[in-house]
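Geometric and topological summary
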Amino acid sequence: DQALLDIQELKTYFYTESGVVPSVDGVTFQLKRGETVGIVGESGSGKSVTSLSIMGLVGQPGKVTGGKIVFEGKDLRTASKREMRHIRGNDIAMIFQEPLTSLNPVFTVGYQVAEVIRLHQNASKEEAKVKAIELLKMVGIPRPEKVYSSYPHSLSGGMRQRVMIAMALSCNPKLLIADEPTTALDVTIQAQILHLMRELIRENDTSIILITHDLGVIAEMVDRVIVMYAGQVVEQTDVFTLFEEPKHPYTKGLLNSTPRIHDLKDELESIVGTVPNPRSMPKGCRFHPRCPYAMDKCVEEAPVLEDLKPGHQVRCWLHEDGEVTL
Ligand code: SF4
Ligand code: MG
């Protein structure tokens, strides 16, 4: 059956004064209806730029320079600004890490939620208010009538993130892109937000792209995982295989570096070295300067993303003549 989202060879480059940054450099993946896919990788691996590209929100000096972003059969790269606005309000919604920056400080929370509902559902002011309070209640906000007339700064981070989720869900999107949705929150609130997202997926059959540093969140939430490194997909597989049988040395490194806490942000230094300077990517495999398995060929020739078996792809020369256990 047809994918909800089909991304082919997506390229998003930033043309800076100090050189071209290939933030997303040939990314391909598909997403089915009701499926949750996680994207993991260090800062600067291209995760967030991938999602901004899908949303049509890449700003100067960035530009989507190649590939396709096919959503429900339509290539979003050929959509007009107006069509994209419509799609963003109705079909694809996004929640970010820091909800304070996405909420307008001068309007009440309720006004902002109700405005979204009014715009996208053609509701009257009164209807929108009723629906907004319902949504605030649905995302677990206590005393929603009171919160309705509060300003964003008077709410806690967890409450603001709930408000953002309520806004994202107000249009009943087919696709929700959540970029580090719980990173700024404490552990208890994180668990509540994730639980809430899971409920909503189940009830509405929403597809989700979940971008995170946190492998614990991945293990708990997603069906499939895309591992990105230096603008490229280096491994893609179902979540069980990823944890049991990682085939890319970078994935293996991620898993090894997070024995308990699963928080990549703090632990990633245990993979020796840092992400390459994107203005001068290493020749051959982009991971070779950090890879404990690097061979002569890796320094010379760039590996391509290959099917190891159905549903499991890896970009690494190690498996060229058959699967190797890491
Ligand atoms: Fe390591 Fe070579 Fe595989 Fe790159 S291609 S990940 S350098 S073994
Ligand atoms: Mg990011």
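Here's what I pulled together on the structure shown here.

Here the focus is the sheet that holds strand E7 (residues 175–179). Taken in spatial order, the eight strands make up an open sheet running E6-E7-E8-E3-E9-E10-E12-E11, and their pairing is mixed. Both outer strands of the open sheet, strand E6 (92–95) and strand E11 (306–309), are each paired with one neighbouring strand and no more. Mean inter-strand twist for the sheet, computed between neighbouring axes without regard to direction, equals 20 degrees. Relative to strand E12 (residues 312–314), E11 runs antiparallel, the two being bridged by three bridges. Residue Asp 307 lies in a different strand from E12, and its bridge partner there is Gln 313.

To describe a pair of aromatic rings, you give the distance between the ring centres and the angle between the ring planes. Tallied over the full model, the rule gives five aromatic pairs. Here the aromatic rings of Tyr 229 and Phe 287 are separated by 5.0 Å at their centres, their planes lie at 80 degrees, and the arrangement is edge-to-face. Taken together, the residues Tyr 229 in strand E9 (residues 224–229) and Phe 287 in the loop between helix H12 (264–267) and helix H13 (296–300) connect sequence positions 58 residues apart. Taken individually, Tyr 229 and Phe 287 each receive the classification buried, so the pair is uniform in this respect. Taken together, the ring pairs connect Tyr 229, Tyr 250 and Phe 287 into an aromatic cluster. Taking NZ or CZ as reference, Lys 297 lies 3.9 Å from the ring centre of Trp 317, over its face.

For ligand 1, the set of nearby residues contains 13 residues, the closest of which are Cys 285, Cys 291, Cys 298, Cys 316 and Trp 317. Taken together, the residues of the shell around ligand 1 sort by class into 11 nonpolar, two polar and no charged.

All right, on to the pairing of strand E8 (residues 207–211) then. Counting buried residues in E8 gives five out of five residues, a clear majority hidden from the surface. Along E8, one buried face is formed by Ser 207, Ile 209 and Ile 211 and the opposite face, lined by Ile 208 and Leu 210, is buried too. Sheet topology places strand E3 (residues 36–40) next to E8; four bridges connect them, and they run parallel. Along E8, the bridge assignment pairs Ile 39 with Ile 211. Here E7 runs beside E8; their pairing, made up of five bridges, is parallel. Paired with Leu 176 across the two strands is Ile 208, which belongs to E8.

A few words on the pattern of salt bridges. For the coordinates displayed, the defined rule picks out 15 salt bridges. Between Glu 72 and Lys 174 there is a salt bridge, with its nearest N and O atoms 3.2 Å apart. In this pair, Glu 72 sits in the loop between strand E4 (62–71) and strand E5 (74–75) while Lys 174 sits in the loop between helix H7 (157–169) and E7, placing the two residues 102 residues apart along the sequence. A relative accessible area of 31% means that Glu 72 is categorised as partly exposed. In this structure Lys 174 comes out as partly exposed when scored by relative accessible area, which is 31%. Salt bridges linked by common partners bring Arg 33, Glu 72, Asp 91 and Lys 174 together as one network.

Attention now goes to helix H4 (residues 109–121). Relative to the 18 Å expected for 13 residues at 1.5 Å per residue, H4 spans 18 Å between its end C-alpha atoms, a close match to the ideal helical length. All of the buried residues in H4 are Val 109, Gly 110, Gln 112, Val 113, Ala 114, Glu 115 and Ile 117. Contacts from the buried residues of H4 go to helix H5 (125–138), helix H6 (144–148) and H7. Asn 122 occupies a position one or two residues after H4 and carries a positive phi of about 55 degrees.

Conventions we followed
Residues numbered from 1 in each chain as written. Chains lettered and ligands numbered in written order. Predicted model: local features only at pLDDT ≥ 70, side-chain atom pairs only at ≥ 80, totals over all residues. Heavy atoms only, no water. Pairing = 2+ DSSP bridges. Helix = DSSP H or I, 4+ residues; strand = E, 2+ residues; numbered from the N terminus. Axes fitted to C-alpha atoms, helices over the stretch in contact; angles between N-to-C directions. Phe/Tyr/Trp six-rings, centres within 6.5 Å; stacked < 30°, edge-to-face > 60°. Buried < 20%, exposed > 50% of the residue type's maximum accessible area, 1.4 Å probe, protein only. Lys NZ or Arg CZ within 6 Å of the ring centre and 35° of its normal. Near = heavy atom within 4 Å. Nonpolar A, V, L, I, M, F, W, Y, C, P; charged D, E, K, R; others polar. Salt bridge = Lys/Arg side-chain N within 4 Å of Asp/Glu carboxyl O. Expected span 1.5 Å × (residues − 1). Contact = heavy atoms within 4.5 Å.

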